[in-house]
There are 2 protein chains.
Amino acid sequence: MPQLPTTFAALGNATRLAIVERLLAEGELSAGALQADSITPPAMSRHFKVLREAGIVVQRVDAQRRLYSVKPEAVQAIGEWVLNFREFWAGSLDRLDAALKEAE
Amino acid sequence: MPQLPTTFAALGNATRLAIVERLLAEGELSAGALQADSITPPAMSRHFKVLREAGIVVQRVDAQRRLYSVKPEAVQAIGEWVLNFREFWAGSLDRLDAALKEAE
DNA sequence: TCATTAATTACCTCTTACGTTAATTAACAT
DNA sequence: ATGTTAATTAACGTAAGAGGTAATTAATGA
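For clarity, every value in this text was computed on a predicted model and none was experimentally measured. Along each chain, the written sequence defines residue order, and numbers are assigned to residues from 1. Each chain takes a letter, starting from A, and each ligand takes a number, starting from 1, following the order in which they are written. Note on the predicted model: pLDDT of at least 70 is required for a residue's local features to be given, and 80 or more for side-chain atom pairs to be given and counted; whole-chain, interface and lining totals, by contrast, use all residues. Here the side-chain values reflect all heavy atoms present in the structure, with hydrogen atoms and water set aside.

Asker: In this structure, what is going on with the overall build of chain A? I would like to understand it.
Answerer: The way it works is that DSSP assigns letters per residue, a run of H or I at least four long becomes a helix, a run of E at least two long becomes a strand, and they are numbered from the N terminus. Counting its secondary structure elements, chain A contains six helices and three strands. Helices and strands in chain A line up, N terminus first, as α-α-β-α-α-β-β-α-α. Contact between two residues is taken to exist if any of their heavy atoms lie within 4.5 Å; hydrogens are not considered. A fraction of 53% describes how many contacts in chain A between residues 6 or more apart in sequence connect residues 24 or more apart. For chain A, the accessible area works out to roughly 5300 Å², and carbon and sulfur atoms hold 49% of it. Note on areas: Shrake-Rupley with a 1.4 Å probe; residue coverage comes only from the protein chains shown.

Shown next, in the form of structure tokens:
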């Protein structure tokens, strides 16, 4: 499991964040379906690699297609990081803790 | 208010994430108090600038000292991003939504 | 005033990130 | 076999990120 800075760094790029958001909203999608027309396929391919290596997405092979989906643990790790500092929120978010635990 | 990719990018560096975590845990601290000995003051200063420009911290001036603290909205924005995709968690995190709203 | 403390800005170096086009690999379909 | 589709790897250029030393600004204190 990669470090949190690595996760944040991977999401710190608008193209990659958009990929992850589409996968979260629509579920598993192929590289082709995720292709943005403002960028070339090789560039997209490298973004997928960054996301894979950061442990944010997993790749599944189906013939020539590469199907991607988000790893729940990655998003959950971010949620838990926020919750780790819930004292900062003056205790108003205590229920988040239980909720995140349930999702495990 | 900066974009989410900018926020993630700012936290995507181990030194800056450590700064933010100390501020969250200990509250307002001066640049000097946050100084890591593995890095020079100028380098730290530039990290503070990145965090300021990303809207993650605010600077307060006290004589020669610069006092930093975390902007709650920034951490909250991350929490809300996670929650925006709560359907992904099979509805088990619905309560997070209410909790984050309370913290506003 | 002059030295000290706190932090930043200027300048330079090196590495990584991100994009492109061209070439390649792999699986299908005819 | 051959062409087509899907995606990646190779090779290359440019820009941004992160670090250092030296110089500078600003406030304090003797």
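Asker: Help me out: how do you make sense of helix H4 (residues 41-53) of chain B in this one?
Answerer: An α-helix turns once per 3.6 residues; consequently, residues spaced three or four apart project the same way. Residues and elements named next belong to chain B. Expected span, for any helix, means 1.5 Å times one less than how many residues it has. For H4, spanning 13 residues, the distance from its first C-alpha to its last is 18 Å, which sits close to the expected 18 Å at 1.5 Å a residue. Within the sequence span of H4, burial applies to Ala43, Met44, His47, Phe48 and Leu51. With its buried residues spanning 145° around the axis, H4 presents them on a single face. For H4, the exposed residues lying more than 90 degrees away from the buried face are Arg46 and Glu53. Remark: exposure states derive from per-residue accessible area (1.4 Å probe, protein chains only) relative to the maximum for the residue type, with buried under 20%, exposed over 50%, and partly exposed in between. Summarising the geometry, the arc corresponds to the directions from the helix axis toward the C-beta atoms.

Asker: Would you mind going over the side chain of B:Thr7 with me for this structure?
Answerer: As for its position among the elements, B:Thr7 is in helix H1 (residues 4-11). Every residue in contact with B:Thr7, bar those within four places of it in the chain, is listed here: B:Ala54, B:Ile56 and B:Ile78.

Asker: For this particular structure, what's the right way to read the packing of aromatic side chains?
Answerer: Think of a pair of aromatic rings as described by two things: how far the centres are apart, and how the planes are tilted against each other in angle. For Phe, Tyr and Trp, rings pair up if their centres lie within 6.5 Å, where Trp contributes its six-membered ring, and each pair is then called stacked (planes under 30 degrees apart), edge-to-face (over 60) or tilted (otherwise). Summed over the entire model, instances satisfying the criterion amount to six aromatic pairs over all chains. Each ring, one from A:Phe8 and one from B:Phe8, has its centre 5.6 Å from the other, and the planes form 20°; the classification is stacked. Within this pair, whereas A:Phe8 is found in helix H1 (residues 4-11), its partner B:Phe8 is found in helix H1, the two belonging to separate chains. Just as A:Phe8 is buried, B:Phe8 falls in that class too. Ring centres 4.4 Å apart and planes at 15° place the aromatic pair B:Phe48 and B:Tyr68 in the stacked group. Here B:Tyr68 lies in strand S3 (residues 65-70) and B:Phe48 lies in helix H4, a separation of 20 residues in the sequence. Taken together through their ring pairs, the aromatic side chains of A:Phe8, A:Trp81, B:Phe8, B:Trp81 and B:Phe85 make up a single cluster.

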